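Here is what each chain is made of, one letter per residue.
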Amino acid sequence: MALFSRFFKHTDEVPRPELGALLSERSLPPDLPGLDELTKDFVHFSTLERVTYLDAVADLHQAGIALPEPWKFAQYEVLPELVPHWVGERDGVFHRPFCEGLTLRVRIGEHRLTKAWAVLFETSLEEVVDQALYNLHEKAKEASFERLPSGIYQSTFHDPFVGSSALLLLPELWDHLFPGQNHFLAIPTADTLLVAPQVLLPKLLEAATKVIGTTDQVLLATIMTQVEKKLVPANMQDPHPIAQPQRELRQLDLLQALRAQDRALDPAMDGMAWPMPLGTLRNSQGRTLTYATWNEGNPIALPEVDLIAFVRADGESLGIYFRPSLPRIQELRGKTIPLWGPRRSRFDGFPTAEQLERLEVFATAEQMKAMGQDTAPKPAPRPTTPAAANALNTPGAPLNTVQTATPLPNNLREAVLGVQGED
């Protein structure tokens with residue numbers, strides 16, 4: 001209707017601005033590649049449509065992004081893709097949350113859909129997404145699944161622009177593989193989709209963590225399941241044998257996002273702070289907990305991990321404490337850092353010995369020091385499967401550390417701590 005309304009509305013009382021004038025106002029060259037094709041119907045645009053249209057052109061030009069083809073051509077190329085949610089926030093292009101940990105984007109060839117592109121398409125974002133899903137459905141008509149020797153199924157669908165993970169958007173292709181049973185899914189990389197029933201969860205875990213161990217581009221480590229037509233993280237409670245490995249996989253997703261943030265943090269920028277060494281520790285019950293090391297001396301960017309290990313400026317270990325108890329130190333107030341991905345807060349000070357006594361202790365300073373003196377610490381309990389043991393590690397890394405750009409303190413490697421809470 002919007003298209004036809006242009007031809008049947010009353011003439012504007014005020015002359016509409018010309019294309020050249022709008023280009024000049026925005027310091028845009030008149031010979032932008034693709035502009036002529038996009039503005040063939042410019043004469044029929046209203047004043048508001050002309051201004052909105054050229055604002056979108058200016059936004060793209062300023063960002064160094066090419067102009068799209070007209071929608072009549074581009075509609076056949078749009079396709080959906082799934083990326084970690086923090087990637088969608090970081091890259092700043094159009095994205096829509098799909099499930100916990102994943103967000104939906106739309107790609108057109110090598111480009112990603114932006115709101116400015118949708119304006120130049122003269123269509124709504126909703127229509128673009130619908131068209132992308134339709135194109136995916138057409139491509140995936142012949143998609144099939146291969147039954148692996150373990151009994152789980154793996155997608156054989158591959159496309160130059162769409163990975164197997166995109167089939168999550170088309171549950172009709174996989175939610176019938178195990179009739180009458182709950183379906184569990186793993187998408188460790190963009191081109192991997194594994195499906196299994198609950199009885200084969202150990203096999204699914206083994207296959208997924210094997211893939212994770214061979215890549216540095218994990219899409220989503222967490223195992224998902226379908227509940228009332230919605231995808232949610234599989235929630236297994238202890239003592240389920242997959243509960244702890246699933247916990248480790250979820251921690252891997254968090255730590256991957258935090259490591260990406262570390263690379264983006266610029267302490268020289270206002271509101272930023274130094275990243276903190278990160279990792280995981282295992283308590284005496286075999287549960288893994290995420291931790292960050294707070295070194296005295298610099299403003300730090302504290303993420304919402306389970307534990308904080310405090311280290312004085314002279315290297316003296318002060319103990320490890322549960323992060324949720326940090327608000328008990330009212331004198332230390334964190335300021336939220338304006339950054340994509342997991343929430344972080346900037347702290348400029350460092351707690352005193354008296355203030356640390358207010359926190360809930362996980363390991364005392366003496367235990368922390370003892371770990372540093374022990375040249376052959378007792379190995380921590382391993383996850384249920386050998387493959388899961390690698391889920392939190394890069395090749396060659398110790399079991400209980402996740403390597404970052406900042407080296408981890410030696411006294412926090414391969415350690416089972418002496419004071420543990422229930423978590």
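These numbers were taken from a predicted model, which means no experiment stands behind them. (Residues numbered from 1 in each chain as written. Predicted model: local features only at pLDDT ≥ 70, side-chain atom pairs only at ≥ 80, totals over all residues. Heavy atoms only, no water.)

Q: Tell me about the overall build of the chain, residues and numbers included.
A: Scanning the chain for helices and strands turns up 13 helices and 18 strands. Of all 423 residues assigned to the chain, the portion counted as buried reaches 50%. In the chain, the share of contacts with a sequence separation of at least 24, taken over all contacts with a separation of at least 6, comes to 62%. As presented, the chain carries roughly 21,100 Å² of accessible surface, and 52% of it is formed by carbon and sulfur atoms. (Helix = DSSP H or I, 4+ residues; strand = E, 2+ residues; numbered from the N terminus. Buried < 20%, exposed > 50% of the residue type's maximum accessible area, 1.4 Å probe, protein only. Contact = heavy atoms within 4.5 Å. Areas by Shrake-Rupley, 256 points an atom, 1.4 Å probe, with all protein chains shown as cover.)

Q: An account of the pairing of strand β2 (residues 96-99) is needed here, citing residue identities and associated values.
A: As paired strands, β2 and strand β3 (residues 102-108) are joined by 3 bridges and run antiparallel to one another. Within β3, the position partnered with P97 by the bridge is T103. Linking two consecutive strands that pair antiparallel, namely β2 and β3, is a turn of 2 residues; a positive phi of about 95° is found at G101 within it. (Pairing = 2+ DSSP bridges.)

Q: How would you summarise the layout of surface pockets if you had to cite specific residues and measurements?
A: The space that makes up the second largest pocket amounts to roughly 660 Å³. Lining the second largest pocket are 27 residues, with E100, T222, R250, Q251 and D253 positioned closest to its centre. Mapped by element, the contributors of at least two residues to the lining of the second largest pocket are α6 (85-91), β9 (220-227) and α10 (243-264). Top contributing element to the lining of the second largest pocket by residue count: α10, with 9 residues. (1 Å grid on protein atoms, 1.4 Å probe; cavity = no way out; pocket = protein on both sides within 12 Å on 5 of 7 lines; lining within 4 Å. Points joined across faces, edges and corners; volume = space filled by probe spheres on them.)

Q: Residues and numbers for the sheet that holds strand β17 (residues 344-347), please.
A: The strands that make up a sheet pair up through hydrogen bonds in the backbone, lying either parallel or antiparallel. Pairing is antiparallel across the open sheet formed by 3 strands, whose spatial order is β13-β17-β16. A strand with exactly one partner marks an edge of an open sheet, and here the two such strands are β13 (300-303) and β16 (335-336). Strand direction decides the pairing type here: β16 and β17, joined by 2 bridges, are antiparallel. Bridged to T336 within β17 is S345.

Q: Lay out the pattern of salt bridges in plain terms, naming residues and giving numbers.
A: Scanning the entire structure with this criterion turns up 24 salt bridges. Its salt-bridge partner being E81, residue R107 comes within 3.5 Å of it at the nearest N-O pair. Residue R107 is located in strand β3, and its partner E81 is located in strand β1 (residues 78-84); the two are separated by 26 residues in the primary sequence. Judged on exposure class, the residue R107 and its partner E81 are both buried. Between D262 and R344 there is a salt bridge; the shortest N-O distance is 2.8 Å. Of this pair, D262 sits in helix α10 while R344 sits in strand β17, and the two are 82 residues apart along the sequence. (Salt bridge = Lys/Arg side-chain N within 4 Å of Asp/Glu carboxyl O.)

Q: Tell me what's going on with the environment of Y76, and back it up with residues and numbers.
A: Looking at the element boundaries, Y76 is found in the loop between α5 (71-74) and β1. Remark: the alpha-carbon pair of Y76 and I108, spanning 32 residues in sequence, is separated by 9.0 Å.

Q: Hey, could you go over the sheet that holds strand β11 (residues 278-282) for me, with residue numbers and the actual values?
A: The mixed open sheet is built from 5 strands, whose spatial order is β11-β12-β14-β15-β18. Pairing within the sheet leaves two strands with one partner each, and these edge strands are β11 and β18 (361-363). Neighbour-to-neighbour, the strand axes of the sheet open up by a mean angle of 35°, direction not taken into account. Where strand β12 (residues 288-295) meets strand β14 (residues 307-311), 5 bridges bridge the pair, whose relative direction is parallel. Its bridge partner being in β14, T293 is matched across the sheet by A309. Lying over the sheet, α10 contacts β11 and β12, oriented at roughly 160° with respect to β11. (Axes fitted to C-alpha atoms, helices over the stretch in contact; angles between N-to-C directions.)

Q: Give me the packing of helix α9 (residues 201-212) against α10: which residues, what numbers.
A: Interaxial distance between α9 and α10 falls to 12 Å at its minimum, and their mutual angle equals 30°. When the interaxial angle is binned, α9 and α10 end up roughly parallel. Considering the relative orientation of α9 and α10, their crossing is left-handed. Across the interface between the two elements, L205, T209 and I212 from α9 touch P245, L249 and L252 from α10. For the contact of α9 with α10, the residue count by class is 5 nonpolar, 1 polar and no charged. (Parallel < 35°, antiparallel > 145°, perpendicular 65-115°, else oblique. Left-handed = near helix turned anticlockwise from the far one by under 90°. Nonpolar A, V, L, I, M, F, W, Y, C, P; charged D, E, K, R; others polar.)

Q: Residue-level account of the packing of aromatic side chains, with values.
A: To describe a pair of aromatic rings, one takes the distance between the centres and the angle between the planes. Scanning all chains against the criterion turns up 12 aromatic pairs. The interplanar angle of 25° and the centroid separation of 5.9 Å between the aromatic rings of W86 and W340 together place this pair among those described as stacked. Placement of W86 in helix α6 and of W340 in the loop between β16 and β17 is noted, with a sequence separation of 254 residues between them. For the pair W86 and W340, a shared accessibility class is recorded, and that class is buried. The interplanar angle of 55° and the centroid separation of 5.3 Å between the aromatic rings of W294 and F347 together place this pair among those described as tilted. In this pair, W294 sits in strand β12 while F347 sits in strand β17, placing the two residues 53 residues apart along the sequence. Taking the relative accessible area as the measure of exposure, F347 reaches 7% and is therefore buried. Ring pairing ties together the aromatic residues W294, F310, Y321, F347 and F350, which thus form one cluster. (Phe/Tyr/Trp six-rings, centres within 6.5 Å; stacked < 30°, edge-to-face > 60°.)

Q: So, unusual backbone geometry: which residues are in play, and what are the values?
A: Of note, the bond from D238 into P239 is cis; its omega dihedral lies within 30 degrees of zero at 15°. For E228, which is not glycine, the phi torsion reads 50° and is therefore positive. Structurally, E228 can be placed in the loop between β9 and β10 (230-233). With a phi angle near 70°, K229 is a residue other than glycine that sits in the positive phi range. With respect to the secondary-structure elements, K229 resides in the loop between β9 and β10.

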